[in-house]
There are 2 protein chains.
Amino acid sequence: MEDLRAAVDNELDRFLSVRRAKIPESADLINEIARLVAAGGKRLRPSFCYWGYRAGGGPHCEEIVRAAASLELLHTFAIVHDDIMDDSDERRGEPTAHVRYGLGFALLVGDLALVLADELFINAGFAPEVMMLAFAAYSLMRQEVIAGQHLDVQNANRLEISEEEARRIAVLKSGRYSIEKPLVIGGYLAGASADFIAGVSRFGDPLGEAFQLRDDLLGVFGDRAAIGKPVDSDIREGKRNVLFASTARLLAGDDRDFFLGRWGGSELNVREIEQLRGLIERSGARAEVERLLGDCRRAADENLARLSLTPDARSALADLAHQATHREI
Amino acid sequence: MEDLRAAVDNELDRFLSVRRAKIPESADLINEIARLVAAGGKRLRPSFCYWGYRAGGGPHCEEIVRAAASLELLHTFAIVHDDIMDDSDERRGEPTAHVRYGLGFALLVGDLALVLADELFINAGFAPEVMMLAFAAYSLMRQEVIAGQHLDVQNANRLEISEEEARRIAVLKSGRYSIEKPLVIGGYLAGASADFIAGVSRFGDPLGEAFQLRDDLLGVFGDRAAIGKPVDSDIREGKRNVLFASTARLLAGDDRDFFLGRWGGSELNVREIEQLRGLIERSGARAEVERLLGDCRRAADENLARLSLTPDARSALADLAHQATHREI
């Protein structure tokens, strides 16, 4: 895993240097992309793509490292534009791009990261026919993450949202894009069978949802060092996630009014943040979301067991599943 | 030309409907893309792409209409994000996306238009090997337009800018992306020779610059109906274009101080706008830019004459060149 991470990072360095030399006028933008990439992240998406490929029967090669690395650039696009939309101040423990350099600059950093991601992906070195198939999944993934983000922005001011809606947003915005699609793209690049693609997708989908639920729990109950931004940011932003929807359903009376009234309040004090956390806990929503997370994990494990894999690939995918849902991402 | 426009518009309708059905959650975003596309524009970029293809020896077919249409979606991305960065209120005679629906929504509309443009382009139906070559030019074009926009944002607050710098921005931000690259992409899709590609690029580059100079002149001296936004918007935004750079060099003393001090001023009144226009005229900058535009046009015409073409292609490219530099775009 550490070797893969280093290989992905080397590839990103190399690629960004080449692009910087090609269009010197974009150097400032590329430097900011490089800074954001270096600031952290566990290269989760590249890892799932790489192991989707290996699991699908592909041999280790530079081409798959390049294709996998492109997903980190795509993620850079997503977080930069996401932070603009949410007006977030911090990411990975550092000031966000728009806070540092202004809206126009951050917007272009995101645009360029998106464009460079495609470039790296498409020119990774696979046979054109293989690439066209993989690109279809890649492109659908980009559309899903944008649609998910749109629902998220749209729901930001709605007082109520069903758990079903919240789960759909989580799947589109995060689960598919972080886990399921990277696995599937890896499978296509390996030239794997339609059966394998369907099977690895059945492993990735519930795992992706578990990953997002874990993120929601960390966003309220995690610690600052682990998530790289203030732990109360989901509460202050008033995220309409499953944890919120579940709590809203379980509470009644004054507790419910307080919860709906203060969630996402702009001037919450520390005591109120603690009260909101307490309500999520006492309502049973935290336990419910943890149970749902466990169910998703089990479904993923069962579907992983059904795949016919080399011992290497099986153990790597099991490790990644653990990382994505048990550790701080 | 009218037939081509209708074919491009049909293709855009068809494609956007398919994508809307595929991810219903993105319907609002896609509707806004469709509204912006329908609001106007002469399909200049698709036309250059189509005729670059025909000139390169490609036969009329649906595939090239699809590929050409994708450039209109890419342009939609560019104008939506551009309008956010410039904080423009109007485009094509209608309120801009961020003014209508807010920053987050407009940002996602631009992101989705960029992603859908790639999708339509790559899946236009060409042989994978041909597409990979054309995509390299397409991708470089995307990077150039972002780099040009970055220089534009960066220079927005600089008091002085050389004509050389202003010309470089114009080439990156507009000329290549509007004319030269569409022609070259068409050439690649036709499987044309390296000689043809180089030749059509020598026609497109000066024509692209002439197009941008025309746009700069219209942005100060054009009439409202023709450009679809207030005619003083370039002056109020303080565009650092060639017209500005040339005027700044030609003026001296109080006139120069007034010009530099008020260009881009936030609360300009009608009399001041007229004074600024008068200075561009009296300094000789308008005449100089018109001369430069004429030089670029002549260079383009000469390089068009050097290309070996069918009569159809020659006459279509000559018409497009005229449209791009003599009429209101």
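Residues numbered from 1 in each chain as written. Chains lettered and ligands numbered in written order. Predicted model: local features only at pLDDT ≥ 70, side-chain atom pairs only at ≥ 80, totals over all residues. Heavy atoms only, no water.

A look at the overall build of chain A
When you go through chain A residue by residue, the secondary structure sums to 16 helices and 2 strands. The C-alpha extent of chain A, read off along each of the three principal axes, is 60 × 50 × 30 Å. Relative to its full complement of 329 residues, chain A shows a buried share of 60%. A fraction of 74% describes how many contacts in chain A between residues 6 or more apart in sequence connect residues 24 or more apart. Accessible area for chain A stands at about 12400 Å²; split by element, carbon and sulfur atoms hold 49% of it. Counting 41 positive and 53 negative side-chain charges, chain A places the averaged centre of each group 1 Å from the other. (Helix = DSSP H or I, 4+ residues; strand = E, 2+ residues; numbered from the N terminus. Buried < 20%, exposed > 50% of the residue type's maximum accessible area, 1.4 Å probe, protein only. Contact = heavy atoms within 4.5 Å. Areas by Shrake-Rupley, 256 points an atom, 1.4 Å probe, with all protein chains shown as cover. Lys, Arg positive; Asp, Glu negative; His and termini not counted. Charge placed at Lys NZ, Arg CZ, Asp CG, Glu CD.)

Focus: the packing of helix H3 (residues 44–55) of chain B against helix H16 (residues 311–326) of chain B
Helix-helix packing: each pair is described by the crossing angle between the helix axes and the interaxial distance. All names here are of chain B. Their axes nearest at 9 Å, the elements H3 and H16 cross at an angle of 155°. Considering the angle they form, H3 stands roughly antiparallel to H16. Here H3 and H16 pass one another in a crossing that is left-handed. Listed contacts from H16 to Leu44, Ser47, Phe48, Trp51, Arg54 and Ala55 of H3 are Asp312, Ala313, Ala316, Leu317, Leu320, Ala321 and Ala324. (Axes fitted to C-alpha atoms, helices over the stretch in contact; angles between N-to-C directions. Parallel < 35°, antiparallel > 145°, perpendicular 65-115°, else oblique. Left-handed = near helix turned anticlockwise from the far one by under 90°.)

What about the side chain of Thr325(A)?
All names here are of chain A. Checked against the element boundaries, Thr325 lands in helix H16 (residues 311–326). Accessibility expressed as a relative area gives 2% for Thr325, which makes it buried. Sequence-distant contacts of Thr325, defined by excluding residues within four places in its chain, comprise Leu207, Ala210, Phe211, Arg214 and Arg297.

Things to note about the packing of aromatic side chains
Scanning the model with the defined rule gives 16 aromatic pairs over all chains in all. Look at Phe121(A) and Tyr138(A): their rings are 4.3 Å apart centre to centre, the planes differ by 10°, and that puts the pair in the stacked class. With Phe121(A) in helix H6 (residues 103–122) and Tyr138(A) in helix H7 (residues 128–155), this residue pair connects regions lying 17 residues apart in the sequence. Judged by relative accessible area, Tyr138(A) falls into the buried class, the value being 0%. Considering the side-chain rings of Phe244(B) and Phe259(B), the 5.7 Å spacing of their centres and the 25° angle between planes classify their relative orientation as stacked. Residue Phe244(B) is found in helix H12 (residues 242–250), and its partner Phe259(B) is found in helix H13 (residues 253–262); the two are separated by 15 residues along the sequence. By relative accessible area, which is 1% here, Phe244(B) ends up buried. Ring pairing ties together the aromatic residues Phe121(A), Phe135(A) and Tyr138(A), which thus form one cluster. (Phe/Tyr/Trp six-rings, centres within 6.5 Å; stacked < 30°, edge-to-face > 60°.)

Some words on the relation of the copies chain A and chain B
Structural alignment of chain A on chain B gives an RMSD of 0.0 Å, achieved by rotating through 180° and translating 0.0 Å along the axis. Such a combination of turn and shift is consistent with a two-fold rotation axis. In terms of proximity to the rotation axis, the leading residue of chain A is Pro128(A), whose C-alpha is 2.6 Å off the axis. Interface residue correspondence from chain A to chain B reaches 100%, placing this contact among same-surface, isologous pairings. (Least-squares fit on C-alpha atoms with pLDDT ≥ 70 in both.)

Focus on the interface of chain A and chain B
Between chain A and chain B, the residue contacts involve 43 residues of the former and 43 residues of the latter. Interface area for chain A against chain B, summed over the two sides, is near 4000 Å², with a carbon-plus-sulfur share of 73%. Per-residue buried area on chain A facing chain B is highest for Glu25(A), Met132(A) and Gln143(A); these three make up 17% of the total on that side. Residues Glu25(A) and Arg168(B) are paired through a salt bridge, measuring 2.4 Å at the closest nitrogen-oxygen approach. For the pair chain A and chain B, the interface holds 18 residue pairs in polar contact (both at pLDDT 80 or more). Within the residue set of the side of chain A that touches chain B, elements represented by two or more residues are helix H1 (2–22), helix H2 (27–38), helix H4 (62–86), H6, H7 and helix H8 (163–189) of chain A. A per-element tally of the side of chain A that touches chain B places H7(A) first, with 17 residues. Looking at the side of chain A that touches chain B, its residues break down into 24 nonpolar, 8 polar and 11 charged. (Buried area = accessible area lost by both parts, 1.4 Å probe. Salt bridge = Lys/Arg side-chain N within 4 Å of Asp/Glu carboxyl O. Polar contact = N/O pair within 3.5 Å; in protein donor to acceptor, adjacent residues only side chain to side chain. Nonpolar A, V, L, I, M, F, W, Y, C, P; charged D, E, K, R; others polar.)

A word on the pattern of salt bridges
Considering all chains together, one arrives at 58 salt bridges over all chains under this definition. Residues Asp9(B) and Arg5(B) are paired through a salt bridge, measuring 3.7 Å at the closest nitrogen-oxygen approach. Linking Asp9(B) with Arg5(B), this pair stays in helix H1 (residues 2–22), spanning 4 residues, or about one helical turn. We classify Arg5(B) as partly exposed; its relative accessible area is 25%. Measuring nitrogen to oxygen at the nearest pair gives 3.2 Å for the salt bridge that ties Lys239(B) to Asp234(B). Assigned by exposure class, Lys239(B) and Asp234(B) land together as buried. Here the residues in one salt-bridge network are Glu144(A), Arg176(A), Glu180(A), Lys181(A) and Asp205(A), joined through shared partners.

Quick notes on helix H7 (residues 128–155) of chain B
What sets the pattern is the α-helix's 3.6 residues per turn: residues three or four places apart point alike. With 28 residues, H7(B) extends 40 Å from end C-alpha to end C-alpha; this agrees with the ideal 40 Å at 1.5 Å per step. In terms of burial, H7(B) is a largely internal element, 22 of the 28 residues being buried. (Expected span 1.5 Å × (residues − 1).)

Notes on the environment of Ala124(A)
Residues and elements named next belong to chain A. If you trace the backbone, Ala124 turns up in the loop between H6 and H7. Separated by 199 residues in the primary sequence, Ala124 and Gln323 place their C-alpha atoms 27 Å from one another. What Ala124 contacts, discounting residues up to four positions off in sequence, is Glu63, Arg66 and Ala67.

Overview of the side chain of Asn155(A)
All names here are of chain A. Among the secondary structure elements, Asn155 is positioned in helix H7. With a relative accessible area of 5%, Asn155 lands in the buried category. Excluding its chain neighbours within four sequence positions, the residues that come into contact with Asn155 are Ile161, Ile169 and Arg240.

Notes on the nonpolar core
Grouped burial of nonpolar side chains is what soluble globular proteins tend to show. Within the largest apolar cluster, 161 residues are counted, with the highest numbers of intra-cluster contacts made by Leu73(A), Phe121(A), Leu189(A), Leu73(B), Phe121(B) and Leu189(B). Filtering out sequence-adjacent residues up to four positions away, Leu189(B) remains in contact with Tyr53(B), Ile64(B), Ala67(B), Phe121(B), Phe126(B), Val130(B), Met131(B) and Ala134(B). (Core = buried A, V, L, I, M, F, W, Y, C linked by side-chain atoms within 4.5 Å.)

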